[in-house]
Amino acid sequence: MSSEADQNSEFQNIIEGFLTKKCFIKIIDTRSQDQLRTKGYGDKEDNDYFLETYEALYLIYLNKLVITNGNIDNFGSLLKQALRYDKEIVTKFLVYRDLRSRGYVVKEGFGFGADFRVYERGGYEKKRAKFVVFCINEGINVKVGELSKNVREIETMGKNAIAAVVERRGEVIYYKLTNMKFNENKKQETSLTLQERK
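In what follows, the accompanying structure is described. Keep in mind the model is a prediction, meaning the values are calculated, not measured.

1. Looking at the pattern of salt bridges
Using the criterion set out here, one finds ten salt bridges in the structure. Arg 37 serves as the salt-bridge partner of Asp 34, at 2.7 Å between the closest nitrogen and oxygen. Residue Asp 34 and its partner Arg 37 are located together in helix H2 (residues 30-38), separated by three residues, close to a single helical turn. Using a relative accessible area of 40% as the deciding quantity, one classes Asp 34 as partly exposed. Here Asp 86 and Lys 92 are joined by a salt bridge, their closest N and O atoms 2.8 Å apart. Members of the salt-bridge network, linked through shared partners, are Glu 167, Arg 169 and Glu 171.

2. Notes on the sheet that holds strand S7 (residues 116-119)
Pairing within the open sheet is mixed, and its five strands lie in the order S6-S7-S8-S10-S11. Every other strand in the sheet has two partners, leaving strand S6 (105-108) and strand S11 (172-177) as the edge strands with one partner each. Between one strand and the next, the sheet's axes are offset by a mean angle of 30°, whatever the strand orientation. As judged from the three bridges shared by S7 and strand S8 (residues 131-137), these two strands associate in the antiparallel manner. Note on S8: the bridge partner recorded for Val 118 is Phe 131. The strands that helix H6 (residues 144-156) touches are S8, strand S10 (160-166) and S11; relative to S8, the one it contacts most, it runs at about 160°.

Scoring rules and cut-offs
In this numbering scheme, every chain counts its residues from 1 along its sequence in written order. Since the coordinates come from a predicted model, pLDDT governs what is reported: local features require at least 70, and pairs of side-chain atoms require 80 or more to be given and counted, while whole-chain, interface and lining totals use all residues. The side-chain figures draw on all heavy atoms in the structure; neither hydrogens nor water molecules are used. By definition, a salt bridge exists where a carboxyl oxygen of Asp or Glu is found within 4 Å of a side-chain nitrogen of Lys or Arg. Each helix is a run of H or I in the DSSP string that is no shorter than four residues. Each strand is a run of E no shorter than two, and both are numbered from the N terminus. A 1.4 Å probe rolled over the protein chains alone gives each residue an accessible area, and that area as a share of the maximum for its type sets the label: buried under 20%, exposed over 50%, partly exposed in between. A pair of strands is labelled paired if DSSP reports no fewer than 2 bridges between them. Under this scheme, a helix contributes an axis fitted over its contacting stretch, all axes are lines through C-alpha atoms, and angles between N-to-C directions fall in the 0 to 180 degree range. Contacts are assigned to residue pairs with any non-hydrogen atoms lying within 4.5 Å of each other.

So, in structure tokens, the structure goes:
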């Protein structure tokens, strides 16, 4: 059985969500909140429970979530709405879907320009996130100095920095990022371009 089929079977009922102004999805039903929480979806803020947009897109993709307001009746209509607030939502969704389909629990990043924290299989709620993932579209320029600083800080926290590169066809390729020191290349502004592998 595929991991996506496992994800699809883990929910007993279709979950109902309410679209907020900032394109987050509010979950009102407490049983649905509990179901989502135990599987690593969403977060509680004050007294409310919210899904990130990419989480909602994934659950709609699996036919496990319906939005009850805002004329959102399918994946495409939520995606169109989400693009108004986040131009990188397609990249985030593709990486999120790929990681979830591999059995990982994926949560919002916590700074350093990172998009996601990723927990080892079976480690969610037991251990801290092991990976910090940067979502990158193929062919874009990334400033090496800024990325290197972020990777160094992530490594000092005992986590692995990962670049999730989304190819033009939507395939996700993962690269482990580590720091290197170039003694002769001090204070020079450089950029790194990630290209498709041939």
